[in-house]
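Analysis of the macromolecular model
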Amino acid sequence: MAQFTQKHAELIARKLDCLIREGKRHTRAALFHNGVLLASFGIRRGSKQTGHDYLPRELHLKQNECWELYDCGLTRDAYLQLMRARGKLR
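All of the points below concern the structure found in this document. (Residues numbered from 1 in each chain as written. Predicted model: local features only at pLDDT ≥ 70, side-chain atom pairs only at ≥ 80, totals over all residues. Heavy atoms only, no water.)

What follows covers the pattern of salt bridges. Summed over the entire model, instances satisfying the criterion amount to two salt bridges. Among the salt bridges present, the one from Glu58 reaches Arg57, with a minimum N-O distance of 3.8 Å. Under the relative-accessibility criterion, Glu58 is labelled partly exposed at 29%. Salt-bridge contacts for Arg86 lead to Glu65; the nearest nitrogen and oxygen are separated by 2.5 Å. Linking Arg86 in the segment after α4 (76-85) with Glu65 in helix α3 (residues 63-70), this pair joins segments that are 21 residues apart in sequence. Residue Glu65 is classed as buried on the basis of its relative accessible area of 12%. (Salt bridge = Lys/Arg side-chain N within 4 Å of Asp/Glu carboxyl O. Buried < 20%, exposed > 50% of the residue type's maximum accessible area, 1.4 Å probe, protein only. Helix = DSSP H or I, 4+ residues; strand = E, 2+ residues; numbered from the N terminus.)

Here's what the structure looks like:
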């Protein structure tokens with residue numbers, strides 16, 4: 001299976017409507033729901049091909065679920081329902 005890249009991370013952050021903050025080394029994406037931080041991940045600014053293999057772990061997803069999120073098979077609402085089912089969200 002292909003590797004997650006900067007492009008994937010940026011699109012997922014936009015799709016989940018994450019709060020984006022520029023840091024010294026990385027851009028940080030934080031997903032809040034009802035004022036509670038649900039997930040946070042870094043977006044590396046180096047080479048656009050630099051790996052972002054940590055995305056599934058940081059988003060509390062399996063690898064294939066993270067690809068579904070990127071490929072539009074999983075919406076923000078469906079992601080939030082999945083997090084509720086896994087006990088990550090009340």
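Turning next to α4. The set of residues buried in α4 consists of Tyr79, Leu80 and Met83. Along the axis of α4, the buried residues cluster in a sector spanning 100°; they form a single face. Along α4, the residues that are exposed and aim more than 90 degrees away from the buried face are Asp77, Gln81 and Ala85. In this structure, the buried side of α4 is in contact with β2 (26-33) and β3 (36-44). (Arc of directions from axis to C-beta. Contact = heavy atoms within 4.5 Å.)

Attention now goes to the packing of aromatic side chains. The geometry of an aromatic ring pair is captured by two quantities: the separation of the ring centres and the angle between the planes. Following the criterion strictly, the structure yields two aromatic pairs and no others. Here the aromatic rings of Phe4 and Trp67 are separated by 4.1 Å at their centres, their planes lie at 20°, and the arrangement is stacked. Highlighted residues: Phe4 in the segment before α1 (6-15) and Trp67 in helix α3, separated in sequence by 63 residues. A relative accessible area of 0% places Phe4 in the buried class. Residue classification places Trp67 among the buried positions, given a relative accessible area of 11%. Seen from their ring centres, Trp67 and Tyr70 are 6.1 Å apart, and the 85° between their planes marks the pair as edge-to-face. Placement of the pair is Trp67 and Tyr70 together in helix α3, with a separation of three residues, close to one helical turn. A relative accessible area of 16% places Tyr70 in the buried class. The structure contains a cluster of three or more aromatic residues connected by ring pairs, namely Phe4, Trp67 and Tyr70. (Phe/Tyr/Trp six-rings, centres within 6.5 Å; stacked < 30°, edge-to-face > 60°.)

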